[in-house]
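Chains, contacts and geometry: an overview
Chain residues, written in single-letter form:
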Amino acid sequence: MLFLYNIALGLYGLLLRLLAPLVPKAAAWVAGRRGLLARIRHELSAEAAPRVWFHCASLGEFEQGRPLLEAYRQAHPEVKLVLTFFSPSGYEIRKNWPGADYIFYLPLDTRSNARAFLDAVQPRLAVFVKYEFWYHFLTESHRRGIPAVVVSAIFRPEQVFFKPWGGFFRQILARFAHIFTQTETSAALLRQHGIGQVSVAGDTRFDTVVATAAAAPRSLPVVEAFVADGAPVLVAGSLWPDDLPTLAPLLRDYAGRLRTIVATHEIDEATLLAVENAFPGLVVRYSQAQPASVAQARVLLIDNIGLLSQLYRFGHYAYIGGAFGKGLHNTLEAAAFGLPLFFGPNYKRFQEAVDLAELGLAFPVANAEELAARFAPIWNSEKLRLTLQDQLLDYVHGQAGATRTIMAALPGLTPAP
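Keep in mind it's a predicted model, so treat the numbers as computed, not measured.

Parameters and conventions
- Residues numbered from 1 in each chain as written.
- Predicted model: local features only at pLDDT ≥ 70, side-chain atom pairs only at ≥ 80, totals over all residues.
- Heavy atoms only, no water.
- Pairing = 2+ DSSP bridges.
- Helix = DSSP H or I, 4+ residues; strand = E, 2+ residues; numbered from the N terminus.
- Axes fitted to C-alpha atoms, helices over the stretch in contact; angles between N-to-C directions.
- Contact = heavy atoms within 4.5 Å.
- Buried < 20%, exposed > 50% of the residue type's maximum accessible area, 1.4 Å probe, protein only.
- Expected span 1.5 Å × (residues − 1).
- Arc of directions from axis to C-beta.
- Polar contact = N/O pair within 3.5 Å; in protein donor to acceptor, adjacent residues only side chain to side chain.
- Salt bridge = Lys/Arg side-chain N within 4 Å of Asp/Glu carboxyl O.

It is worth spelling out the sheet that holds strand S2 (residues 80–85) at this point. Read from one edge of the open sheet, 7 strands run S3-S2-S1-S4-S5-S6-S7, paired in parallel fashion. Here the strands that pair on one side only, and so sit at the sheet edges, are strand S3 (102–105) and strand S7 (198–200). Strand-to-strand twist across the sheet, computed as the mean angle between neighbouring axes with direction ignored, equals 20 degrees. Note: strand S1 (residues 51–56) against strand S4 (residues 126–129), 3 bridges, orientation parallel. Bridged to Trp53 within S4 is Ala126.

This paragraph deals with the sheet that holds strand S13 (residues 341–343). On the basis of which strands lie adjacent, the open sheet formed by 7 strands has the order S10-S11-S9-S8-S12-S13-S14 and parallel pairing. Among the strands making up the open sheet, the edge pair consists of strand S10 (283–285) and strand S14 (362–364). Averaged over all pairs of adjacent strands, the angle between strand axes in this sheet comes to 20 degrees, irrespective of strand direction. Alignment of S13 against S14, held across 3 bridges, turns out to be parallel. Counted as the bridge partner of Phe343 is Pro364 from S14. Contacting strand S9 (259–264), S10 and strand S11 (299–302), helix H13 (residues 269–278) runs over the sheet at an angle of about 150 degrees to S10.

Before going further, it helps to spend a moment on the side chain of Ser186. As for its placement among the helices and strands, Ser186 is situated in helix H9 (residues 184–192). Of the residues examined, Ser186 reaches a relative accessible area of 1% and is grouped as buried. Residues in contact with Ser186, not counting those within four places in the same chain, are Ile154, Phe155 and Thr181.

Quick look at unusual backbone geometry now. For Lys130, which is not glycine, the phi torsion reads 70 degrees and is therefore positive. Take Lys130: it is sitting in the loop between S4 and helix H7 (135–143). The phi torsion at Ser152 lies on the positive side, around 55 degrees, for a residue other than glycine. Summarising the element assignment, Ser152 is placed in strand S5 (residues 148–153). The buried category is assigned to Ser152, whose relative accessible area is 0%.

Turning to helix H17 (residues 368–379), a few remarks are in order. Helical periodicity: at 3.6 residues per turn, an α-helix aligns residues three or four positions apart in one direction. Given a rise of 1.5 Å per residue, 12 residues ought to cover 16 Å, and the 16 Å separating the end C-alpha atoms of H17 matches this to within 8%. Those residues of H17 that sit buried are Ala368, Leu371, Phe375, Ile378 and Trp379. Across the axial projection of H17, the buried residues extend over an arc of 90 degrees, all falling on one side. Turned more than 90 degrees away from the buried face of H17, the exposed residues are Glu369 and Ala373. On the buried face of H17, the contacting elements are strand S8 (233–239), helix H12 (244–253), strand S12 (317–320), S13, S14 and helix H18 (382–399). Capping the start of H17, Asn367 holds a side-chain oxygen 3.2 Å from the backbone nitrogen of Glu369, two or three residues further along.

Let us now look at the pattern of salt bridges. Within this structure, the stated rule accounts for 17 salt bridges. Arg143 is the partner of Glu140 in a salt bridge, and the nearest nitrogen-oxygen pair spans 2.5 Å. Of this pair, Glu140 and Arg143 both sit in helix H7, 3 residues apart, which is roughly one turn of that helix. Among the residues examined, Glu140 registers a relative accessible area of 5% and is labelled buried. We classify Arg143 as exposed; its relative accessible area is 57%. Note that Arg385 is salt-bridged to Glu382, the shortest N-O span being 2.7 Å. Note that Arg385 and Glu382 are positioned in helix H18 at a spacing of 3 residues, about one turn of the helix.

In structure tokens, the structure reads:
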């Protein structure tokens, strides 16, 4: 199985190199790894301080692990933090984040790359956030006595680790010194398959969204002018074109009474045009809007990156995109502001979305008719909306605290310098 694993990763790297001239993300992935190990060795060669390595697959995992990174920095100012990303969508956006001392791409998981990387970084602890269980990096860390932990992990029975032929992949999990899961269900599943170094800590994303909601708001004059008339606001976050057939009829029906802020998952021209075409005559792009005139539009289309978490504070309701395609995007940012949530049917892989739906605080829908039927009772009853708001805030704050739990356990897993 290891032979097949190595072959698959080699083919993956080859495929990305072949796609690089055609696909920008592939090009960034390839370019970011050109001369990578030499650069890591050079940047760390004169560093004498102890180091801890945090790895995040992409931007979502970074935001999930961010409260732990910040807590570790505060508790251990003497330690240098090395942060790696696998995906360009994480690295390119956070490569200058001041909370880490060194930020790199992660080399492809080969035996030689793992050895060279660990020779250069020499971490006293490795922390993986949620996903990405790389055989060679974990095996080499284990061989060297470097404890590796994974935080905010969640497991499901259909994953490869739990198949009858999944022994190789369970070996990867066995390399972790400890696994901090989001739920007891995940922990029990691991224990049933012989993985005993596990405990339930919860999801660090709750700590992120609670902190974001409590932080001093960023000044956004265009958005503030757009909502200044006090009309109810629906924030549609991480929207894909696949969401438009369900969402567009509702927004057109309520256009005279409801203001809508739309932040698409991708901001390419084709996606932005799809939104504009769905709401003819109603849309103004954020980059083209002026505070003096923006209120003339009914839909404010956000055509830049990095604003979404700040936009939910203006909302009364939220629609979260992605669940008519590959899967639902982040619901917790909106829930942290107490917004009743609506989204498509593909949400079952996300525990918080399942919880919120079961609690009657989020409303999965299959089509435009279902969305209209779910939305109307909340629209027609301010008392119901405020009740849902209070229950959402209670849920989010009640789930916070994973960072504190993990930080309390890490000293027992980390060797003395």
